[in-house]
Amino acid sequence: MAWFRFRRFSIRLLALLLGLLCVTLATTYSLVSSANDASAREHARASLELGARLFETAIRQRIDLSSVTSSLMSADDAIKQVLLETPIDTKTLNSTLASYTQRVGAPAITLFDLERNLLGNTRPDLIDETEGPFAYLIRRASEREMPENNGFSYLGKSRDLHALVVAPLYAPYPNIAYWFGLAFPIDRAFAEKLKETSRIEVTFVSTEDIAHPRVLATTLPDASAKIVADAVALGRRTRAQLTDLVLPDVPAKALATEGDHYVTLVKTHDMVAEDPISIVLQIPLGPELAAARDLESFLIVVSAAALAAAAILALLIARGVSQPVQQLAAHTHVIARGDYKTRLALDRADELGQLADAMNAMSVGLAERDRVRDLLDKNVSPEVAAQLIRDGAALGGQEREVTILFADLRGFTTLSEKLPPTDLLALLNRYLDRMSTAIEAHGGVIDKFIGDGIMALFGAPVAQGDAADRALAAALAMERALADLNRELAAEGRPPLGIGVGVNTARVVAGNIGSHRRLNYSVIGDGVNVAARIESETRKPEHRTNLITSAATLAALRDPEKIFPRLLGKVYVKGRAESVEIFAVAAG
Amino acid sequence: MRPLAFVCICAAISLRASATDVAFRLVDAVGAPVADAVVSLVALDAPAKISPPAEPLEIAQNGQEFSTFVTPLVVGTTVNFPNEDKVSHQVYSLSPAKKFVFPLYKPGTRGTVTFDQPGVVALGCNIHDWMRAYIVVLGTPLFGKSARDGTATITAVAPGFYRAEVWHPRLGKNETREISLAASDITARTESFTLALKPDRRIHRSPEGSGGGYK
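(A) Layout of the overall build of chain A. If you tally the helices and strands in chain A, you get 14 helices and 18 strands. Computed over C-alpha atoms, the radius of gyration of chain A comes to 63 Å, more than 25% over the 25 Å expected from 2.2 N^0.38 for 588 residues, which places it beyond the range of a compact globule. Reported as C-alpha extents along the three principal axes, the dimensions of chain A are approximately 190 × 45 × 40 Å. Looking at chain A as a whole, 44% of its 588 residues qualify as buried.

Take a look at the structure:
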């Protein structure tokens, strides 16, 4: 399926749209084409049925004409004069009939008496029998009366196809005195005349000798007519219905070089005392389909145009989608880089526009969050800020063991009297900054600044296994940092600062303390007071130390080897029954 | 039939001695009486003597019609065809029994033909297509023509074997039946025939001045 994955959306859309359109158009084309073909065949078949009726009508008209002709002939005085003679003068009669052939346009006219003896005949080459097809028709017509007065027969040595009509010579009507027999050939001229009115190819085929079917008359070229005759004979033998036949090109119809399909209809026509003949009516499908082919070529042009239009449209749509998507993708990189100020301007109302708006809103949100976090970082320790962001500012708390560090600046009160307020604050901040750095360097969290005092926590809000170790290390670091600061101050010509640090470890309650509007993460408990109390002990000169811790902190040390405690004694904390052992701490 | 009743009827017929009347009752397929039929009796044992009438018969042309549609007569009878019309006529026959034509003859003149062969002679006029008449030339003196009620009677027929024949212009061929008349037959004999007539084809005479046509 790898080949099916498109790298670009536009290509995918193009392929999809064009593919769908191609399938639709191809289906439409093939449906239209086959419908055209079916309809052309249907139309051709209907035309052929019409042609068959036209043929019957043409024959019927000939017969009717013959009947009218006969009644005119029987009303003619001349023939009566000839027939009044006994015996009849055959030569005169024949010449009378011959003049009738001129007069009425019947190719062959004969006369029979009531006993069906041939009295006169204009075509001895064609008609020489007495008990032949005419006699049969006369007998049938006299027995059953009209209109069974006609039929098809072969006449003459070459057995050419003729339509025969017998009509009475009335003397007077309806008394029949003689019978006229008229014959007209069903030949190429007749077939051509039929074709003239119907545009249908007509072939008359005799299958008397099924092995050698005979073309009696045709409008087709001889070679094509031969194919038709053979097909008819084959159809007769196999009892298959002949509906379609491919014939070589008809002159002036060079539509198909291989020949054209001819929609074919085979009708049979009874003969007088002979096997029926086949009348093959045919219409070439090519001209019948010409209009449909035009339509189909037009359809192809329209399809090509539709495909081109669809391609352009697909590319436009794809561009309309992929461009903003690319912009959106680029914008995510901008946001990922931390640039929340740049806004994505997509001027659209659709889903992509909504996405851009959402991204812009996200930028705003991210910027807001950053700002809040920055503020938080400055106001609370990073650990507290992280915990707030992670867990939310929920009220409540948890009990945990925490090491609390209190630090106080010595002589700040006298200092504050000597220095102007701005210098004082600058000095205080400088001091607090150094102390904070030392505390945070050891994983401590500044809980709050109380004037010049610092309260810091170890083991909260993030639990630390070595909180006591860290707290004492931080306290020692603070001493060193202050020493550094004092050297700087000495260089500046200022008096040195002093510090007192108290450290205690106790179980306290840690959590967000305050109102709904304002919260502080802090710890409360007896241990906090103990820490503050211990810190105040550093002021006593007899202890000779700036750093005091409790036994609880020493007990909580993970690595006590680094610390060298010196017992100072016991102190009592207000509100507490037990005294606390305190130790001075120096670095090992 | 019970013998007593049969005897009673025979007794009634025998009032006319040795000859009897033969009545024909002719109806068509739907039972309607058939007029203008020629009935005849052909004696089978001894041919009856024929004596044509001394005076010629007459079939006049009047009002562009023949005066008589069907005329039965015996062989040897002469018929005059007087033109009593206002127009000329050209009466002819192409029937094998007698072919003739009277070349155009004016009102007041006439043609004359003696019918010497038995058979049916169809008469026409070359000028007026609708004019038609039949002469039935018979070889027997025993004949009659049915009236409008479809009956015809041949009177005083001697006992013997006969072939009763019925001819009508709309019959394909004659209806025949052999009958035997005994000397004891004393009452009129009735022969009923149901005739299968062909459709009545005729040329309708066109009104003067308008175009005519076949119907």
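(B) Main features of the interface of chain B and chain A. The interface of chain B with chain A comprises 21 residues on the first partner and 19 residues on the second. Carbon and sulfur atoms make up 56% of the surface buried where chain B meets chain A, a total of about 1600 Å² over both sides. If you sort the residues of chain B by the area they bury against chain A, Leu94(B), Lys99(B) and Arg201(B) come out on top, with a joint share of 38%. At the boundary of chain B with chain A, the tally comes to six residue pairs in polar contact (both at pLDDT 80 or more). Residue assignment for the side of chain B that touches chain A shows that the elements contributing at least two residues are β8 (91-95), β9 (98-101), β11 (119-125) and β12 (132-138) of chain B. Of all the elements, β8(B) adds the most residues to the side of chain B that touches chain A, at four residues. Of the residues belonging to the side of chain B that touches chain A, the class tally is 11 nonpolar, five polar and five charged.

(C) Structural context of the nonpolar core. All names here are of chain A. Grouped together as the largest cluster of nonpolar side chains are 41 residues, with contacts concentrated most on Leu-405, Tyr-431, Met-478, Leu-497 and Val-501. Mapped onto this core, the elements with two or more residues apiece are β11 (396-410), α10 (412-418), α11 (421-441), β13 (453-458), α12 (467-491), β14 (498-514) and β18 (579-587). Among the elements that make up this core, the one with the highest residue count is α12 (13 residues). Sequence-distant contacts of Met-478, defined by excluding residues within four places in its chain, comprise Leu-405, Ala-407, Met-435, Ala-438, Ile-439, Ile-499 and Val-501. Residues Ile-59, Ile-63, Leu-265 and Leu-281 belong to the second largest nonpolar core, which totals 33 residues.

(D) Fine view of the environment of Val38(B). Residue and element names in this part refer to chain B. Within the element layout of this structure, Val-38 appears in strand β2 (residues 38-43). Placed 32 residues apart in sequence, Val-38 and Val-70 show a C-alpha to C-alpha distance of 7.9 Å. Beyond its immediate stretch of four places on either side in the chain, Val-38 contacts Val-70, Pro-72, Val-136, Leu-138, Gly-144, Glu-165, Val-166 and Trp-167.

(E) Structural view of the domain arrangement of chain B. Residue and element names in this part refer to chain B. Per the domain assignment, the segments making up chain B are domain 1 (18-48 + 142-198) and domain 2 (50-139). Look at where the C-alpha atoms of domain 1 and domain 2 centre, and you get two points 25 Å apart. The interface of domain 1 with domain 2 comprises nine residues on the first partner and 11 residues on the second. Of the roughly 850 Å² buried between domain 1 and domain 2 on both sides combined, carbon and sulfur atoms contribute 80%. Of all residues in domain 1, Phe-143, Lys-145 and Trp-167 give up the largest surface area on contact with domain 2, accounting jointly for 53% of the area buried on that side. Here domain 1 and domain 2 share zero salt bridges between them. On inspection of domain 1 and its partner domain 2, the count reaches one residue pair in polar contact (both at pLDDT 80 or more). Within the residue set of the side of domain 1 that touches domain 2, elements represented by two or more residues are β2 and β13 (143-145). The leading source of residues in the side of domain 1 that touches domain 2 is β13, at three residues. Of the residues in the side of domain 1 that touches domain 2, the class split is five nonpolar, two polar and two charged.

(F) Geometry of the packing of helix α1 (residues 9-74) of chain A against helix α5 (residues 188-198) of chain A. Residue and element names in this part refer to chain A. Across the interface, α1 lies against α5 with an axial gap of 11 Å and an inter-helix angle of 125°. With respect to α5, the axis of α1 lies oblique. α1 and α5 meet at a crossing whose hand is right-handed. Listed contacts from α5 to Leu-54, Phe-55, Ala-58, Ile-59 and Arg-62 of α1 are Phe-190, Leu-194, Thr-197 and Ser-198. Its residues assigned to classes, the contact of α1 with α5 shows six nonpolar, two polar and one charged.

Rules used throughout
Residue numbering note: each chain is counted from 1, following its sequence as written. Working convention: letters from A go to chains and numbers from 1 go to ligands, in the order in which they are written. Two thresholds apply to this predicted model, a pLDDT of at least 70 for residue-level local features and 80 or more for giving and counting side-chain atom pairs, whereas whole-chain, interface and lining totals are computed over all residues. To obtain the side-chain values, all non-hydrogen atoms of the structure were used and water was disregarded. Starting at the N terminus, helices and strands are each numbered in turn, a helix being any DSSP run of H or I of at least four residues and a strand any DSSP run of E of at least two. Restricting the calculation to C-alpha atoms gives the radius of gyration, and the globule rule supplies 2.2 Å times the number of residues raised to the power 0.38. Exposure classes here rest on a 1.4 Å probe applied to the protein chains alone. A residue is buried below 20% of its type maximum, exposed above 50%, and partly exposed in between. Throughout, a residue-residue contact means that at least one pair of heavy atoms, one from each residue, lies within 4.5 Å. Take the accessible area each of two parts loses on contact, using a 1.4 Å probe, and add the two losses: that sum is the buried area. Nitrogen and oxygen atoms within 3.5 Å of one another constitute a polar contact, given that in protein one can donate a hydrogen and the other can accept it, and given that sequence-neighbouring residues count only through two side-chain atoms. Residue polarity follows a fixed list, in which Ala, Val, Leu, Ile, Met, Phe, Trp, Tyr, Cys and Pro are nonpolar, Asp, Glu, Lys and Arg are charged, and the others, Gly among them, are polar. To form a nonpolar core, buried Ala, Val, Leu, Ile, Met, Phe, Trp, Tyr and Cys residues must be joined to one another through side-chain atoms within 4.5 Å. Delimitation of the domains relies on an automatic or database domain assignment. By salt bridge we mean one thing: a side-chain nitrogen of Lys or Arg within 4 Å of a carboxyl oxygen of Asp or Glu. A fitted line through C-alpha atoms serves as each axis, taken over the contacting stretch for helices, and the angle formed by two N-to-C directions is quoted from 0 to 180°. By definition in this entry, angles of less than 35 degrees are roughly parallel, angles greater than 145 are roughly antiparallel, angles of 65 to 115 are roughly perpendicular, and the rest are oblique. Two helices crossing with the near one rotated counterclockwise from the far one by less than a right angle form a left-handed crossing, whereas a clockwise rotation gives a right-handed crossing.

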